[in-house]
Amino acid sequence: MAKVARQVVEQAGINVDQLVEKLVAAAAAEFTTYYYYTILRINSIGFDGEGLKEIIEDARIEDRNHFEALAPRIYELGGKLPRDIREFADAAACPDAYLPADPRNVQEALKVLVEAERCAIRVYTEICNMTAGKDHRTYALALAVLHEEIEHEAWFSEFLGEGPSGHFRRAAPGQSPYVSRFLTAMQR
Amino acid sequence: MTKRRFIKVAEIDQIPPGQMKAVTVHDENVVLVNLGDSYSAFNARCPHRGGPLAEGALWEETIQCPWHHHRYDVRTGQNVYPKNVYPTDMPWLLERVGSLWMYRVKIEGREILLEEPLAPHP
């Protein structure tokens, strides 16, 4: 645990245990989403599915990056990840993004994807609101993740026909343009 | 015929339109929402895993649990997420997404009243 790092956050008036709980729940949601998006990507086939596949892959890898970036902050603040992955998955801040009953139905898969991203946006908005001006490091991290989740929502929403996202593809799959600077322990 | 009994729980000035307020009635935690044209009241315990809905966020007419981000329509109490994306071939998932425990609300003058006993109604 980074003693002073936790102390300054406490002194700023944040309930650190509550914040850690939110970060663990967020990390669990990223980890489970990575798993579910793997299944969704694999099943994204055919004329419509192939177009979606690359975007799911970007979102999938970036969600894994979010998990990687959140984990060290949890420990810095004196928290930890549950020893049991089942407990971890159960604590996820967002519901599971299941493959639809008809895996060939791209519209149904898109609904799952866009709702998962919308949930993530709400999760990180809450963390940003809780930490703004008080816990600068967590805020910067949550904001970086939020930027990427908002882009993911826009991509899927565009596919659903809700209007243009204004974005173009990543330079490399799962590039994480905002979060990559927090991935200090892994090769970018 | 039994006459309905109501208990005062708040005053209308205490909840601006689009806002909510947590109250405790007979040891039950209840959330009151001002919907602009009416008021809604429901048990503050999320039907999913008992999360504290009073600490959740109200987004227009939807309340979101702070624990797992299940979302409910505060007019009807229905789960609107993740029920809308759960696969139809996994019916046990749909059984786990219950509705809010709603209470009957009456406005009398400036007072917000809830029907007693606090029995959930559809």
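Our subject in this report is the structure included herewith. All values reported here derive from a predicted model rather than from experimental measurement. (Residues numbered from 1 in each chain as written. Chains lettered and ligands numbered in written order. Predicted model: local features only at pLDDT ≥ 70, side-chain atom pairs only at ≥ 80, totals over all residues.)

1. Points about the overall build of chain A
Item 1. The helix and strand inventory of chain A stands at six helices and zero strands.
Item 2. Along its sequence from the N terminus, chain A presents helices and strands in the succession α-α-α-α-α-α.
Item 3. What you see for chain A is a C-alpha radius of gyration of 17 Å, in line with the 16 Å of a compact globule of 188 residues.
Item 4. Out of the 188 residues in chain A, the part that is buried amounts to 40%.
Item 5. Considering only intrachain contacts with a sequence separation of at least 6, the fraction spanning at least 24 residues in chain A is 75%. (Helix = DSSP H or I, 4+ residues; strand = E, 2+ residues; numbered from the N terminus. Rg over C-alpha atoms; globule rule 2.2 N^0.38 Å. Buried ≥ 20, exposed ≤ 12 C-beta atoms within 10 Å, placed from the backbone. Contact = placed C-beta atoms within 7 Å.)

2. A word on the overall build of chain B
Item 1. The number of helices and strands found in chain B is one helix and eleven strands.
Item 2. Listed by position from the N terminus, the elements making up chain B come as β-β-β-β-β-β-β-β-α-β-β-β.
Item 3. Whereas a compact globule of 122 residues would reach a radius of gyration of roughly 14 Å, chain B reaches 15 Å, a difference of no more than 12%.
Item 4. Taken over the C-alpha atoms alone, chain B extends approximately 50 × 35 × 25 Å along its principal axes.

3. Some remarks on helix H3 (residues 46-76) of chain A
Item 1. In this model H3(A) runs 45 Å from its N-terminal to its C-terminal C-alpha over 31 residues, within 8% of the 45 Å that 1.5 Å per residue would give.
Item 2. Positive phi shows up at A:Gly78, right after H3(A), with a value of about 90°. (Expected span 1.5 Å × (residues − 1).)

4. Focus: the interface of chain A and chain B
Item 1. Contacts between the two partners involve 14 residues from chain A and, on the opposite side, twelve residues from chain B.
Item 2. Tallied by class, the residues present in the side of chain A that touches chain B amount to eleven nonpolar, no polar and three charged. (Nonpolar A, V, L, I, M, F, W, Y, C, P; charged D, E, K, R; others polar.)

5. So, the pairing of strand S2 (residues 20-25) of chain B
Residues and elements named next belong to chain B.
Item 1. Here S2 pairs with strand S3 (residues 28-34) via six bridges, running antiparallel. Note on S3: the bridge partner recorded for Val 23 is Val 30.
Item 2. Hairpin connection between S2 and S3: a loop of two residues separates the two successive antiparallel strands, and His 26 in this loop has a positive phi of roughly 50°. (Pairing = 2+ DSSP bridges.)

6. Observations concerning the nonpolar core
Item 1. Residues A:Ala26, A:Ala28, A:Ala29, A:Leu113 and A:Val123 are the most contacted members of the largest nonpolar core, which totals 50 residues.
Item 2. Listing elements by their share of this core, those giving two or more residues are helix H2 (16-42), H3, helix H5 (106-131) and helix H6 (136-159) of chain A.
Item 3. B:Met20, B:Val30, B:Tyr39 and B:Ala41 belong to the second-largest nonpolar core, a separate cluster that totals 23 residues. (Core = buried A, V, L, I, M, F, W, Y, C linked by C-beta atoms within 7 Å.)

7. Some thoughts on the sheet that holds strand S7 (residues 71-73) of chain B
Residue and element names in this part refer to chain B.
Item 1. Taking strand neighbours across the sheet as the criterion, the four strands line up as S5-S6-S7-S8 in an open arrangement whose pairing is antiparallel. Either end of the sheet is taken by a strand with one partner, and the two such strands are strand S5 (57-59) and strand S8 (79-81). On average, adjacent strands in this sheet sit at an angle of 35° to one another, irrespective of strand direction.
Item 2. The pairing of strand S6 (residues 62-64) with S7 spans three bridges and is classified as antiparallel. Among the inter-strand pairings, Thr 62 is bridged to a residue of S7, identified as Asp 73. (Axes fitted to C-alpha atoms, helices over the stretch in contact; angles between N-to-C directions.)

8. Notes on the sheet that holds S3(B)
Residue and element names in this part refer to chain B.
Item 1. The four strands lie next to each other as S2-S3-S4-S9, forming an open sheet whose pairing is antiparallel. Unpaired on one side and paired on the other, S2 and strand S9 (102-103) mark the two borders of the sheet.
Item 2. The pairing of strand S4 (residues 39-43) with S9 spans two bridges and is classified as antiparallel. Along S9, the bridge assignment pairs Ala 41 with Tyr 103.

9. Here we look at the environment of A:Glu54
Residue and element names in this part refer to chain A.
Item 1. Position of Glu 54 relative to the elements: it lies in helix H3.
Item 2. C-beta crowding within 10 Å serves as the criterion here: with 15 such atoms nearby, Glu 54 is assigned to the partly exposed category.
Item 3. Along the backbone, Glu 54 and Val 24 are 30 residues apart, and their C-alpha atoms lie at a distance of 28 Å.

10. Digging into the packing of H5(A) against H6(A)
Helices that pack against each other are described as a pair by the angle of their axes relative to one another and the distance between those axes.
All names here are of chain A.
Item 1. Between H5 and H6, the shortest axis-to-axis distance is 8 Å and the interhelical angle comes to 155°. If you check the angle between H5 and H6, you find them roughly antiparallel. The hand of the H5/H6 crossing is left-handed.
Item 2. Its residues assigned to classes, the contact of H5 with H6 shows 16 nonpolar, five polar and four charged. (Parallel < 35°, antiparallel > 145°, perpendicular 65-115°, else oblique. Left-handed = near helix turned anticlockwise from the far one by under 90°.)

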